[in-house]
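Here are the chains, one letter per residue:
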Amino acid sequence: MAANLEDVSSIDLMTELLRRMKCSSKRDERLILVGPPGSGKGTQSPLIKDEYCLCHLATGDMLRAAVAAKTPLGVKAKEAMEKGELVSDDLVVGIIDEALNKPSCQKGFILDGFPRTVVQAQKLDEMLEKRGTKIDKVLNFAIDDAILEERITGRWIHPSSGRTYHTKFAPPKAPGVDDVTGEPLIQRKDDTAAVLKSRLEAFHRQTEPVIDYYAKKNVVTNIQAEKQPMEVSEQVHKTLSS
Ligand code: AMP
């Protein structure tokens, strides 16, 4: 239920009004970002979300929130996540099906970290067909495994916004705190060299076939994800404006 608008500050109301006016001219877009851990999906998503007025649905973030809140979903997902293995298809398909109904997804969405198996991709297509839509573009964040360990082990995250930092490549202004809100940053439990190994194995074995699945539908664009974030943003922008 929406908050009583009389209790919302004028500045917040005006900001939201301006956002909606800007968004009314944007076309609907349904996107999937695919790539191994550390390929930059989480860095680009908040930028794409704001620019194109889409909702950002990251199954990893949703699962981590469920684990932290100890919900039945979180209890089921915890063990696989800690080992760097995938949780069952049914669990993630269910959370995406529900999330797609959010009003913020009205103009479309960015799926980040989903689908990660061909079964998930097929189920997603079924869900979208029922809603009378389909995936418009799949951005494949292609990058060599060798680069990922340093990216992952130095990564710090601001959980509520999804903003990411890196101790060496993109440090926050003050160590351990988010530049915008001043809130504390966290390091993910699975961002270790050891867990990364199984996460990469899962990516190559279970997720790479998803890229082939969508390539057959002619919706995949390769992004050179080893480039600097600004250059990656430019590639993304080019793809989305074509
Ligand atoms: P991520 O934040 O995308 O790296 O995801 C963190 C962990 O959550 C993964 O290593 C998996 O254990 C789990 N996970 C996230 N998304 C999915 C998915 N679509 N299918 C299965 N497991 C997932």
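Keep in mind the model is a prediction, meaning the values are calculated, not measured.

(A) Region of interest: the sheet that holds strand β3 (residues 108-112). Taken in spatial order, the five strands of this open sheet run β2-β3-β1-β4-β7, and their pairing is parallel. Edge positions in the sheet fall to β2 (55-58) and β7 (220-224), since each has one partner strand and no second. Neighbour-to-neighbour, the strand axes of the sheet open up by a mean angle of 20°, direction not taken into account. Together, β1 (29-34), β2, β3 and β4 (137-142) form the strand contacts of helix α2 (residues 41-52), whose direction differs from that of β3 by roughly 170°. In this fold helix α9 (residues 229-241) packs onto β1, β4 and β7, with an angle of close to 160° to the strand it touches most, β7.

(B) Quick peek at unusual backbone geometry. Cis geometry marks the peptide bond from Phe-114 to Pro-115, where omega comes out at -5°. Here Pro-115 is to be found in the loop between β3 and α6 (118-130). Notably, Cys-53 is not glycine yet its phi reads approximately 60°, a positive angle. Here Cys-53 shows up in the loop between α2 and β2. Among the residues examined, Cys-53 registers a relative accessible area of 7% and is labelled buried. Here the phi dihedral of Asn-218 falls at roughly 60°; this positive angle occurs in a residue that is not glycine. Within the secondary structure layout, Asn-218 lies in the loop between α8 (193-215) and β7. Taking the relative accessible area as the measure of exposure, Asn-218 reaches 70% and is therefore exposed.

(C) Broad picture of the packing of aromatic side chains. Taken as a whole and judged by the stated rule, the model has one aromatic pair. When the ring centre of Tyr-52 is taken as origin, the NZ or CZ atom of Lys-26, which lies over that ring, is 5.8 Å away.

(D) Representation of the pattern of salt bridges. Evaluation of the coordinates by the stated rule reveals 22 salt bridges. With a closest N to O distance of 3.3 Å, Arg-30 and Asp-136 form a salt bridge. Here Asp-136 lies in the loop between α6 and β4 and Arg-30 lies in strand β1, a separation of 106 residues in the sequence. By relative accessible area, which is 15% here, Arg-30 ends up buried. As a salt-bridge pair, Asp-191 and Arg-155 come within 3.0 Å of each other at their nearest N and O atoms. With Asp-191 in the loop between β6 (163-166) and α8 and Arg-155 in strand β5 (residues 155-158), this pair connects stretches of sequence that are 36 residues apart. Neither Asp-191 nor Arg-155 differs from the other in exposure class; each is buried. Several salt bridges converge on common partners, so that one network encompasses Arg-155, Arg-188, Asp-190, Asp-191 and Arg-199.

Reading guide: rules and limits
Residues numbered from 1 in each chain as written. Predicted model: local features only at pLDDT ≥ 70, side-chain atom pairs only at ≥ 80, totals over all residues. Heavy atoms only, no water. Pairing = 2+ DSSP bridges. Helix = DSSP H or I, 4+ residues; strand = E, 2+ residues; numbered from the N terminus. Axes fitted to C-alpha atoms, helices over the stretch in contact; angles between N-to-C directions. Contact = heavy atoms within 4.5 Å. Buried < 20%, exposed > 50% of the residue type's maximum accessible area, 1.4 Å probe, protein only. Phe/Tyr/Trp six-rings, centres within 6.5 Å; stacked < 30°, edge-to-face > 60°. Lys NZ or Arg CZ within 6 Å of the ring centre and 35° of its normal. Salt bridge = Lys/Arg side-chain N within 4 Å of Asp/Glu carboxyl O.

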